[in-house]
Number of protein chains: 4
Amino acid sequence: MAGNTIGKAFRLTSFGESHGVAIGGVVDGCPSNIPFDLPFIQAQLDRRSPGNSPFSSPRTEKDKIEVLSGIFEGKTTGAPIAFLIFNKDKKSEDYDSLRDIFRPSHADFSWFEKYGIRDHRGGGRSSARETAVRVAGGAIAQHILRKKKVDIQAYVDQIGPIHVQTPYHKLNLANTINSPLQCPDPGVTQKMTSYLKELASQGDTSGGAIVCVVRNLPSGLGEPVFDKLQADLAKAMMSLPAARGFEYGAGFTSATMKGTEHNDPFILRKEKITLAKNDSGGIQGGISVGSDIYFRVAFKPPASVSNKQQTVNCKKQPVEIQIKGRHDVCFVPRAVVVVESMCAMVMADHWLRAGIK
Amino acid sequence: MAGNTIGKAFRLTSFGESHGVAIGGVVDGCPSNIPFDLPFIQAQLDRRSPGNSPFSSPRTEKDKIEVLSGIFEGKTTGAPIAFLIFNKDKKSEDYDSLRDIFRPSHADFSWFEKYGIRDHRGGGRSSARETAVRVAGGAIAQHILRKKKVDIQAYVDQIGPIHVQTPYHKLNLANTINSPLQCPDPGVTQKMTSYLKELASQGDTSGGAIVCVVRNLPSGLGEPVFDKLQADLAKAMMSLPAARGFEYGAGFTSATMKGTEHNDPFILRKEKITLAKNDSGGIQGGISVGSDIYFRVAFKPPASVSNKQQTVNCKKQPVEIQIKGRHDVCFVPRAVVVVESMCAMVMADHWLRAGIK
Amino acid sequence: MAGNTIGKAFRLTSFGESHGVAIGGVVDGCPSNIPFDLPFIQAQLDRRSPGNSPFSSPRTEKDKIEVLSGIFEGKTTGAPIAFLIFNKDKKSEDYDSLRDIFRPSHADFSWFEKYGIRDHRGGGRSSARETAVRVAGGAIAQHILRKKKVDIQAYVDQIGPIHVQTPYHKLNLANTINSPLQCPDPGVTQKMTSYLKELASQGDTSGGAIVCVVRNLPSGLGEPVFDKLQADLAKAMMSLPAARGFEYGAGFTSATMKGTEHNDPFILRKEKITLAKNDSGGIQGGISVGSDIYFRVAFKPPASVSNKQQTVNCKKQPVEIQIKGRHDVCFVPRAVVVVESMCAMVMADHWLRAGIK
Amino acid sequence: MAGNTIGKAFRLTSFGESHGVAIGGVVDGCPSNIPFDLPFIQAQLDRRSPGNSPFSSPRTEKDKIEVLSGIFEGKTTGAPIAFLIFNKDKKSEDYDSLRDIFRPSHADFSWFEKYGIRDHRGGGRSSARETAVRVAGGAIAQHILRKKKVDIQAYVDQIGPIHVQTPYHKLNLANTINSPLQCPDPGVTQKMTSYLKELASQGDTSGGAIVCVVRNLPSGLGEPVFDKLQADLAKAMMSLPAARGFEYGAGFTSATMKGTEHNDPFILRKEKITLAKNDSGGIQGGISVGSDIYFRVAFKPPASVSNKQQTVNCKKQPVEIQIKGRHDVCFVPRAVVVVESMCAMVMADHWLRAGIK
């Protein structure tokens, strides 16, 4: 019961190591007869690509997708859609000195404990490179959702101590895609840029947070009691490398609130029943209400800092290491499209589970 | 693909409505030949019982468990363990006036949208009463874990604006079980009590947060890449009624941190490799390290406040309601054992998936 | 990863031992708003009941079903439907002498090897009594299928050396239900009766075979490549106690055929594309064609014969046993409704998986 | 809930169309640290290859496997093992005339009914070419089983009317691999050869049957009540293209038997409890006994005969077709390794589910 598949009706199986031949995935459960939009999938992958953000790893690899199956004459056939992204610009020799050393705050030690073997080259299977497969899977999931104009947009809400102060519904989210840091607020972007420049000069890294909003989602998605929509969203987000927290609606703030503050009257708007303020984040009792869904994900800073660090090697000897290779100062901007993609897969899964046509 | 089963190797299937004949569950996957500790299961249920906390619903029902299968001569047989908790002290007539009305911030509307039918009596299947089944499931899961002395303890960390300030490892968690609010810090408990008394007098309710700690867990639990230990924990916690946020290790704080601050050197302690400070919350790359696992869950306030509220009925007419029945001022103290139970089921599931004997 | 749940969209989880408190099940995935037909479910259970057939165990227990959840005001709610059948007429003392002995051709030895513990009373969980749960599950599955008049009928095709010679489409299947042996051919029934009387007088038992026919099933059910309709049918049937073979369409005979004989021209009938002769048994490439589905299941004779037998006990000593208790001469007539029920669950599962409304 | 994945602990996800870029699969759940035997996997694929048998399709393609992930320095890492087999020698133009025509006894019509779209080139996803993926999956599964010398051998037992008369335990199964028809009995092989030559000259095809034997399997594999070992075997076998029947142990013959004939005394052999004659086929109550497991699978003749056939096209017009392309007279010899492979995957799955180390 390994864990490389996500979803029940819309399923992505992921494979591949950072410095292996290729990474890739198989999507099973995509309905037939949907026009296949390969340029869109490639564009989503490009958003995640290193080199696309000023503070990300200078590994220049274009993540070019190759689709192997499930498409005929430009349409999905209902058969599994398998795809590959070959690994080209890998420099495994950067990692040779790490062969027997457990890097702090990486997966090296725990994975070795589990498997008794370790592909040390670039983190192997534990590398964040596997999130490219999630982006491809999410872009395929979007094929199902956009037939009904479901709209999923994430953005950088926080980098280190710098926060967007405006709530999502007062931001112009269309700004996000053109921001080098994927932050829709230009003033905040500037401050974040200065902060990251400083960290870069110190060889240090930063954590951050992403907000994601789903619009136009119909009511009725989600399955009580264990597969609640927020439960599956939380799992999807917390399965991302470096994710440390998830909240939706009023989130952790709701712990401080009174019922009379938090409660959300139902009102009529254009003869439709809806929520007056949506502190519930668009989900009640685990099922979508038909209002905006919004949630927030916190990420820890990248572990690959450039200063010397104390650690231990396989022989249980203390050692000092200094990590080489090409690394991100902050991967949160690149993670925006990954968060959107995981969200799209959860929504497509529950869409199909609900039997929406 | 309904969602009433959780787990892959250790599986709980849950059923039952708040005002139906009974609620109950079936545990499949419990190994054979384990001495069955029914008094422990009952004691766990008693911790969740209404009436066990000064600020919970005065519904006095004892949740007495009856086990139907899977046990022979005091031991588990490897067959499914089915159990029931009959519903006795239900007052369905309290809910008659709500038959056609959608209560604010309850599951009434979204569930009606999904199913086109609604059992309005006490929330039906959406009632938090179903968490009793989770407690029984978790108590059975503990049978597997305690063979190796894995220890799971949760406690109330926050009620409304009042917080425990001390980190978990400096608290005496043994205090928790005797605290009326399940909070191990007596000074904080007192403040929380005053706060809740005031809210009770106003007919209002409060949110809160729970911290949970897992000790003595071996390394190697968790499955990359989607079924990471924290991902399954997050799903389990966010499937709880009223949960709004989940974080582990440094959690949302890690978003503000630098890599050099957050990184966690490996050190040797009694010839064992371990973490110097454990900001990772005991999990790296989705797999347990062998250190303490700790996480925090935020809950919104109960929706059943006693003041008048605006809402809408099934005929899309605005109406005013005032909720009767017996309700909690704050269910967070009762949720402590529920959080422990969900945690135990996730750990037992990954225990069996890892093939630990 | 125990195996007490069947189905993906329509799921039955089964529990209970022959001489425990009760047997029962939980159906998850039944759509909401279907009128619930409890008398039909009870009637199906009655067809399986011991005492309903002249050559079955004289255990007189009425398998009275009690439904605990998932129904509100006579309709399904979409919540899990849990049900119980209490064990009343059990005589566990009949089994005391077998406590440490492995009965030949029962599950005693292999289960003890697996679990290291054994509920010897009436076979415990391995008793064919658990098929009552399948019948209840199948009767609930029929609620979905009969909305579109899908018709499932099984009958006894063979007992020992005595066979029905007429193909199913030339038989009057309406005769089955009133036949004491569930065989629609009166002449064959008479011969079977004589045969079984003779065996009964010798304390011996007989195997047999059942044919099952599904009519009015739409095309498009089944999932390539592993969850083909016939694959899931085969699994369902071969999971029945004592089943030893499964074939559909021309079955084992097709091994002897040439392509020119077996091939099945498509023809037009009432402007509908259909099969000229249906040697394919209504399934091609794993997916229903829209023609009749028919298959055949072989069962071995009951192992509980009354003569003395050689075997071995837990201490690895050879012993001689003579089995007491109340046993069937031939359970194939009682298995007819069980085969129909398993078939109904497979069809309902694929019905929901195909998203048929 | 598409059906392209098989297994719970050892899982194969399959993808690819006959005339697409490639077919391939992903194995998830293979334990780490097993030496990877690529030559063995390739050798198994070669056994299935067209051109390896005198009566199979002259498509000469070597099914060369390329492994993309999950292996490091010659050992499994516990990560998913993805592999590809590129499609090289495809002649899609042979199929152009069939674009709008439903070939009799192929999957064309039922798949079109399900998906509303059809890749007509070589059967697309419904082609038996996908069984190459199963062979690779099975060869990987063998890596787990052969650590404890579990031995799986299948052979051709029947082609058309010609049968092997000797039971498996009196045959020299080592002959199978060198027989052009994968039949261990040289005399029978000769008769089968003559029969197939005659059919080939007529452009006709033949069905057949395969027997498979599993030796050295430990007791305790299989999960009651739905995932019995024989149930999962039956599903695996009946998911093969053209399979029409499955039986194990005494199989359909047991329907004719009396209990006193069929019952299988337990005896002691070398201080081990075992079965005197094993009519149970090595499985009792769904769980392996520790004796040989044996079963038999029937296959219909290939549908691609060379004579003219009546059928219908997409526009519901009757048409006459004559199938071109390169086809098998009898694929049963090539299916021998496929049967072994499916069996290996079922055994490895239950091996891991049972937690055997």
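Residues numbered from 1 in each chain as written. Chains lettered and ligands numbered in written order. Predicted model: local features only at pLDDT ≥ 70, side-chain atom pairs only at ≥ 80, totals over all residues. Heavy atoms only, no water.

Novice: Teacher, can you tell me more about the interface of chain C and chain B here?
Specialist: Opposite the 42 residues of chain C that make contact, chain B presents 42 residues. Together chain C and chain B conceal approximately 3,200 Å² of surface at their shared face, both sides included; 59% is due to carbon and sulfur atoms. Of all residues in chain C, Leu68(C), Phe72(C) and Ile117(C) give up the largest surface area on contact with chain B, accounting jointly for 19% of the area buried on that side. Across the chain C-chain B interface, the total number found is two salt bridges. The closest approach of N and O atoms between Arg99(C) and Glu73(B), which form a salt bridge, is 2.8 Å. Here chain C and chain B share 13 residue pairs in polar contact (both at pLDDT 80 or more) between them. Elements that contribute at least two residues to the side of chain C that touches chain B include exactly strand 2 (11-16), strand 3 (22-28), strand 6 (75-76) and strand 7 (81-86) of chain C. With five residues, strand 2 of chain C is the largest single contributor of residues to the side of chain C that touches chain B. Looking at the side of chain C that touches chain B, its residues break down into 16 nonpolar, 15 polar and 11 charged. (Contact = heavy atoms within 4.5 Å. Buried area = accessible area lost by both parts, 1.4 Å probe. Salt bridge = Lys/Arg side-chain N within 4 Å of Asp/Glu carboxyl O. Polar contact = N/O pair within 3.5 Å; in protein donor to acceptor, adjacent residues only side chain to side chain. Helix = DSSP H or I, 4+ residues; strand = E, 2+ residues; numbered from the N terminus. Nonpolar A, V, L, I, M, F, W, Y, C, P; charged D, E, K, R; others polar.)

Novice: Help me understand the pattern of salt bridges in this model?
Specialist: Scanning all chains against the criterion turns up 80 salt bridges over all chains. Measuring nitrogen to oxygen at the nearest pair gives 2.6 Å for the salt bridge that ties Arg146(B) to Asp37(B). Here Arg146(B) is found in the loop between helix 3 (131-145) and strand 9 (151-159), whereas its partner Asp37(B) is found in the loop between strand 3 (22-28) and helix 1 (38-48), with 109 residues between them in sequence. Residue class for Arg146(B) comes out partly exposed when judged on its relative accessible area of 33%. A salt bridge links Arg296(D) to Glu247(D), with the nearest nitrogen and oxygen atoms 3.1 Å apart. Here Arg296(D), found in strand 17 (residues 293-299), pairs with Glu247(D), found in strand 12 (residues 243-248); they are 49 residues apart in sequence, far enough to count as distant. You'll find Arg296(D) and Glu247(D) in the same group, each marked buried. Salt bridges sharing common partners tie together Lys8(A), Asp227(A), Asp232(A), Arg353(A) and Lys235(B). (Buried < 20%, exposed > 50% of the residue type's maximum accessible area, 1.4 Å probe, protein only.)

Novice: Is there a simple way to explain helix 3 of chain B in this structure?
Specialist: Spanning 15 residues, helix 3 of chain B covers 21 Å between terminal C-alpha atoms, matching the ideal 21 Å at 1.5 Å per step. Burial of helix 3 of chain B is extensive: 15 of the 15 residues sit out of reach of the surface. (Expected span 1.5 Å × (residues − 1).)

Novice: What am I meant to see in the pairing of strand 18 (residues 309-313) of chain C here?
Specialist: Walk down a regular strand and you will see the side chains alternate between the two sheet faces. Residue and element names in this part refer to chain C. Of all five residues in strand 18, four are buried, a share of seventy percent or more. Pairing between strand 8 (residues 101-102) and strand 18: two bridges, direction antiparallel. Residue phenylalanine 102 lies in a different strand from strand 18, and its bridge partner there is valine 312. As paired strands, strand 18 and strand 19 (residues 318-321) are joined by four bridges and run antiparallel to one another. Note that in strand 19 the partner of glutamine 309 across the bridge is isoleucine 321. In textbook terms, the turn of a hairpin is the stretch between consecutive antiparallel strands, and for strand 18 and strand 19 this stretch comprises four residues, one of which, lysine 316, has a positive phi near 65 degrees. (Pairing = 2+ DSSP bridges.)

Novice: Just checking my understanding: could you explain the side chain of His106(C) for this structure?
Specialist: Within the secondary structure, His106(C) is located in the loop between strand 8 and helix 2 (108-115). Filtering out sequence-adjacent residues up to four positions away, His106(C) remains in contact with Ala303(C), Ser304(C), Ile323(C) and Gln284(D).

Novice: What am I meant to see in the relation of the copies chain C and chain B here?
Specialist: Each copy of the chain is related to the other by a rotation around an axis and a translation along that axis. By a simple turn and slide, chain C fits onto chain B: the slide is 0.0 Å along the axis, the RMSD is 0.0 Å, and the turn is 180 degrees. Here the two chains are linked by the operation of a two-fold rotation axis. A share of 100% of the interface residues of chain C reappears at the interface of chain B, consistent with the copies meeting face to face through the same patch. (Least-squares fit on C-alpha atoms with pLDDT ≥ 70 in both.)

Novice: Is there a simple way to explain the relation of the copies chain C and chain D in this structure?
Specialist: In screw terms, the move from chain C to chain D is a rotation of 180 degrees and a rise of 0.0 Å along the axis, fitting with an RMSD of 0.0 Å. The fraction of interface residues of chain C whose copies in chain D are also interface residues reaches 100%, indicating that both copies meet through the same surface.

Novice: What is the right way to read the nonpolar core from this model?
Specialist: Grouped together as the largest cluster of nonpolar side chains are 172 residues, with contacts concentrated most on Phe295(C), Phe299(C), Phe295(D) and Phe299(D). In this view, Phe295(D) contacts Ile210(D), Val211(D), Cys212(D), Leu233(D), Met237(D), Phe246(D), Glu247(D), Tyr248(D), Val339(D) and Cys343(D); residues no more than four positions away in its chain are not counted. Ile81(A), Ile283(A), Val338(A) and Cys30(B) belong to the second-largest nonpolar core, a separate cluster that totals 171 residues. (Core = buried A, V, L, I, M, F, W, Y, C linked by side-chain atoms within 4.5 Å.)

Novice: Where do I start with the confidence of the model for chain A in this structure?
Specialist: The predicted coordinates of low-pLDDT regions are not to be read in fine detail. Averaged over all residues, the pLDDT of chain A equals 93, while 97% of them reach at least 70. Across the whole predicted complex the pTM is 0.97, and at the interface the ipTM reaches 0.96. (pLDDT = per-residue confidence, 0-100.)

Novice: Looking at this structure, how should I read the interface of chain C and chain D?
Specialist: A common measure of how large an interface is: the accessible area buried when the components associate. The partner chain D presents 107 residues to the 107 residues of chain C that form the contact. Interface area for chain C against chain D, summed over the two sides, is near 8,200 Å², with a carbon-plus-sulfur share of 60%. With a closest N to O distance of 2.7 Å, Lys235(D) and Asp232(C) form a salt bridge. In the side of chain C that touches chain D, the residues fall into 48 nonpolar, 36 polar and 23 charged. Note that strand 12 (residues 243-248) of chain C and strand 12 of chain D share three bridges and pair antiparallel. By the bridge assignment for strand 12 of chain D, Glu247(C) is matched with Gly245(D).

Novice: Would you explain the packing of aromatic side chains in this entry?
Specialist: Given two aromatic rings, their pairing is described by the distance between the two centres and the angle made by the two planes. Scanning the entire structure with this criterion turns up 34 aromatic pairs over all chains. Measuring from ring centre to ring centre gives 5.3 Å for Phe109(C) and Phe266(D), while their planes differ by 55 degrees; the resulting arrangement is tilted. Of this pair, Phe109(C) sits in helix 2 while Phe266(D) sits in strand 13 (residues 266-269), which puts the two residues in different chains. When its relative accessible area of 2% is taken as the criterion, Phe266(D) is described as buried. Considering the side-chain rings of Phe102(D) and Phe112(D), the 5.8 Å spacing of their centres and the 50 degrees angle between planes classify their relative orientation as tilted. In this pair, Phe102(D) sits in strand 8 (residues 101-102) while Phe112(D) sits in helix 2 (residues 108-115), placing the two residues 10 residues apart along the sequence. (Phe/Tyr/Trp six-rings, centres within 6.5 Å; stacked < 30°, edge-to-face > 60°.)

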